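Commentary on secondary and tertiary structure
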Amino acid sequence: MSTDKKHENYGAENIEVLEGLEAVRKRPGMYIGATNKKGLHHLVWEIVDNSIDEALAGYASKIDVIINKDNSITVKDDGRGIPTGIHKKTKVSALETIMTVLHAGGKFGGGGYKVSGGLHGVGASVVNALSEKMTVEVHRDGEVFAQEYHKGIPVAPVALTGTTTKTGTNITFKPDKEIFLETLEYDYEILKTRLKELAYLNKGINIFLTDDRFDNISDEFKFSGGIKDYVIELNKGKTTITNEVFVCEDESNNIVVDIAFQYNDSYHSNILSYVNNIKTMEGGTHEEGFKTTLTRTINSYAKKNNMLKEESLLGEDAREGILAIISIKHPEPQFEGQTKTKLGNSDARQAVIVVLGKMLERYLLENPKEARAIVEKGLLASRARQAAKKAREATRKKTVFESTSLPGKLSDCASKDPEVCEIYIVEGESAGGSAKQGRDRHHQAILPLRGKILNVERASQDKIVANAEIAAMASAFGVGLGSDFNYSKLRYNKIIIMTDADVDGAHIRTLLLTFLYRFMKPLIENGNIYIAQPPLFKLSFGKKIEYVYTEEQKKDMILTFPNPEKVNTQRYKGLGEMNPEQLWETTMDPEVRSLIKINLEDAILADQIFETLMGDDTMPRKQFIQKNAMYANVDI
Ligand code: 0RA
């Protein structure tokens, strides 16, 4: 590549590079998943991942992420700096190669735990191709090198721009508006949540986040305890039953295994697992290894100490109340499953078994108080499980004799084809009445719930099985509960939660999602759960009537009336205030309604919000309400 060319033309002659960049710009979804808000944020993770790798290799200790005023992002680290020498194959600077050639980054890294699965790890060149402008500055060997790119193409060769006493890499990119059509605006909270998670997962790394669009918005994360600190944070506000957090960190067969857990007094288990900093939502071999070893080691300890009569604890008994984080680093992870978030490598199972087995046995021996609490919790779970089984068997017998198993409150639809059938779960009898009259009875069923459903967070299994509202849902849906759950019996393709647009409605919705997440997860995984969106306001003047769903829409819509000052606005306090026709027109008619489909992430969030709101401790509740007050639609 000649350097005497005019700089405007620089970089336009390497056909391979251009073809690569064009491929990325033509099908950005293939490289970053989507070009929506999620894709926009994905760009940041691609760049940050490189700095994290540099930190994991032991060379960087500090990472700075800045949202600049123009919504461009700067990522700085104090690592070795991207190499700037001439690359043998491309005959240009290694820096330019890494920034412009697809998948070039990894070739230089060597060893380490480069992320090779999922959508991460496509490299800086992809971010570059999707940015209207990107600049890189490298501090290395006492010198500063810099280069600028437009849509991935270098504007000029790498230039020496000064001297320095530091080392490190600074990258700034501004996402291209031609690619990210939906939004170009970065969301501070999204960046903050993930950067905090990365700081927990990678002990000791100091991560700073600054929002230069506003004054005084910044955060700093550094956790010297790593995932142990994460467990403590997640258990805040709960009553823990083991004092000492279990931790182990070791390597087996070139796989680094990092595990921390602590038990609380709840009736469920919460296991978060990661591979190379990627959350494995669907679990996989590392989680299996954890579960097997936990059950086996606790049972063996309990037997040795004469705490078990004859029956061993089942896995679910041993896990009741556990909050665990499993984080492994694997050189070649294989991701499987529907959302490619399930680890497939069998050597990961073995590595976890080896590392955890040794350390857990020792923990139980050295912490007899903790060991006793864990075994006793498991024994209680085992007894509750057996009681629940008996209760289920009793109700099953009853339904056989009564011949019909559908709940009395259900207004079923005429069709029996699950493909077209939907069921509305409605808060309260009066809204239930409106919904029943307003619906299309051919394919829409209505199940009214009496006020608040049982708080499954605070109830043991046998209580849950015996709860009337929960039993009504289980039999109306057709799928049953717990170990009797059978997805193939689902009677409705859509299950639609319809609650008031107020705080109580939001609470009931959260309760329902938590219940569905804990006890009927496949319904969420398969996309059967929806939230109905009743309007917040009715605007009318003369013959013109419009329904709107947010304050913002109200402002805009009022302006479309010929006589804006005179528009009547009615705020709906609840579904009960709407007559059947209005309910149909605004919320239930498939032609006009808008439903929100619930995915697993939404449900997990509901579950967490729920724990924050309903846990034993009042502090997190207060903080949550203060923090979210501005987002809530509060009735005045
Ligand atoms: C390749 C090789 C070396 C470092 C890096 C890449 C590197 C990349 C990034 C991206 C962001 N920050 C980074 N820091 C380092 C090591 C070269 C050597 O041996 O010095």
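Residues numbered from 1 in each chain as written. Predicted model: local features only at pLDDT ≥ 70, side-chain atom pairs only at ≥ 80, totals over all residues. Heavy atoms only, no water.

1. Some details on the sheet that holds strand 24 (residues 596–597)
Taken in spatial order, the five strands of this open sheet run 18-17-19-20-24, and their pairing is mixed. The open sheet has two free edges, formed respectively by strand 18 (444–449) and strand 24, since each of these has just one partner strand. Judged from the two bridges that link them, strand 20 (residues 529–531) and strand 24 form a sheet pairing that is antiparallel. Note that in strand 24 the partner of Y530 across the bridge is K597. (Pairing = 2+ DSSP bridges. Helix = DSSP H or I, 4+ residues; strand = E, 2+ residues; numbered from the N terminus.)

2. Focus: the pattern of salt bridges
Enumeration over the complete set of coordinates arrives at 26 salt bridges. For R25, the salt bridge is made with E178, and the minimal N-O distance between the two is 3.4 Å. A residue pair is termed long-range when its members are at least 10 positions apart, and R25 in helix 1 (residues 15–26) and E178 in the loop between strand 7 (168–175) and helix 7 (188–201) qualify at 153 residues. Take E178: its relative accessible area is 51%, and that puts it in the exposed class. Of the charged contacts in the structure, one is a salt bridge between K151 and E178, with a shortest N-O distance of 3.3 Å. Taken as a pair, K151 in the loop between strand 4 (143–150) and strand 5 (153–154) and E178 in the loop between strand 7 and helix 7 lie far apart in primary sequence, 27 residues in all. Taken together, the shared-partner salt bridges in this structure form one network comprising R25, K151, D176 and E178. (Salt bridge = Lys/Arg side-chain N within 4 Å of Asp/Glu carboxyl O. Buried < 20%, exposed > 50% of the residue type's maximum accessible area, 1.4 Å probe, protein only.)

3. Quick word on the packing of aromatic side chains
Inspection of every chain in the model, using the stated rule, returns eight aromatic pairs. Residues F246 and Y363 carry aromatic rings whose centres are separated by 5.2 Å and whose planes lie at 90 degrees to one another, so their mutual orientation is edge-to-face. One end of the pair, F246, is in strand 10 (residues 246–252); the other, Y363, is in helix 11 (residues 346–366), with 117 residues separating them in the sequence. Assessed through its relative accessible area of 7%, Y363 is described here as buried. Judged by centre distance (6.3 Å) and plane angle (70 degrees), the ring pair of F261 and F290 falls under edge-to-face. Note that F261 is positioned in strand 11 (residues 255–263) and F290 in helix 9 (residues 285–304), a separation of 29 residues in sequence. Looking at F261, the relative accessible area reads 1%, which means it is buried. An aromatic cluster is present here, built from F246, F261, Y263, F290 and Y363 joined pairwise through their rings. The ring of F208 carries the charged tip of K62 above its face, separated from the ring centre by 4.8 Å. Sitting above the plane of the Y267 ring, K377 keeps its charged end 4.9 Å from the centroid. (Phe/Tyr/Trp six-rings, centres within 6.5 Å; stacked < 30°, edge-to-face > 60°. Lys NZ or Arg CZ within 6 Å of the ring centre and 35° of its normal.)

4. Remarks on the pairing of strand 1 (residues 62–67)
Within strand 1, five of the six residues are buried, which leaves the element mostly enclosed by the surrounding structure. Here six bridges tie strand 1 to strand 8 (residues 206–211), and the two strands are oriented parallel to one another. Across the sheet, residue V65 finds its bridge partner in strand 8, namely L209. Counting the residues that bridge the hairpin from strand 1 to strand 2 (residues 73–77) gives five residues, and of these N71 lies at a positive phi of roughly 65 degrees.

5. Concerning empty space enclosed by the protein
Applying the stated criterion to the full structure yields four cavities of 30 Å³ or more. As a volume, the largest cavity reaches approximately 80 Å³. What lines the largest cavity is a set of eleven residues, among which N14, V17, V92, E96 and T100 lie closest to the centre. When residues in the lining of the largest cavity are grouped by element, the largest group, three residues, is from helix 4 (residues 94–100). Its residues assigned to classes, the lining of the largest cavity shows five nonpolar, five polar and one charged. (1 Å grid on protein atoms, 1.4 Å probe; cavity = no way out; pocket = protein on both sides within 12 Å on 5 of 7 lines; lining within 4 Å. Points joined across faces, edges and corners; volume = space filled by probe spheres on them. Nonpolar A, V, L, I, M, F, W, Y, C, P; charged D, E, K, R; others polar.)

6. Looking at helix 7
For the α-helix, the turn length of 3.6 residues means that residues three or four positions removed from each other point alike. With 14 residues, helix 7 should reach 20 Å at 1.5 Å per residue; the first-to-last C-alpha distance of 20 Å fits that figure. Those residues of helix 7 lying buried are Y188, L191, R194, L195, E197, L198, A199, Y200 and L201. Where helix 7 begins, the capping side chain belongs to D187, and its oxygen is found 2.9 Å from the backbone nitrogen of E189. (Expected span 1.5 Å × (residues − 1). Polar contact = N/O pair within 3.5 Å; in protein donor to acceptor, adjacent residues only side chain to side chain.)

7. Some remarks on the sheet that holds strand 21 (residues 537–541)
Pairing is antiparallel in the open sheet, where three strands are placed in the order 22-21-23. Each edge of the open sheet is held by one strand with a lone partner, namely strand 22 (544–548) and strand 23 (568–571). Taken pair by pair, the neighbouring strands of this sheet meet at an average axis angle of 20 degrees, ignoring direction. Note: strand 21 against strand 22, five bridges, orientation antiparallel. Residue F541 lies in a different strand from strand 22, and its bridge partner there is K544. Sheet contacts for helix 18 (residues 551–558): strand 21, strand 22 and strand 23; angle to strand 21, the most-contacted strand, approximately 10 degrees. (Axes fitted to C-alpha atoms, helices over the stretch in contact; angles between N-to-C directions. Contact = heavy atoms within 4.5 Å.)

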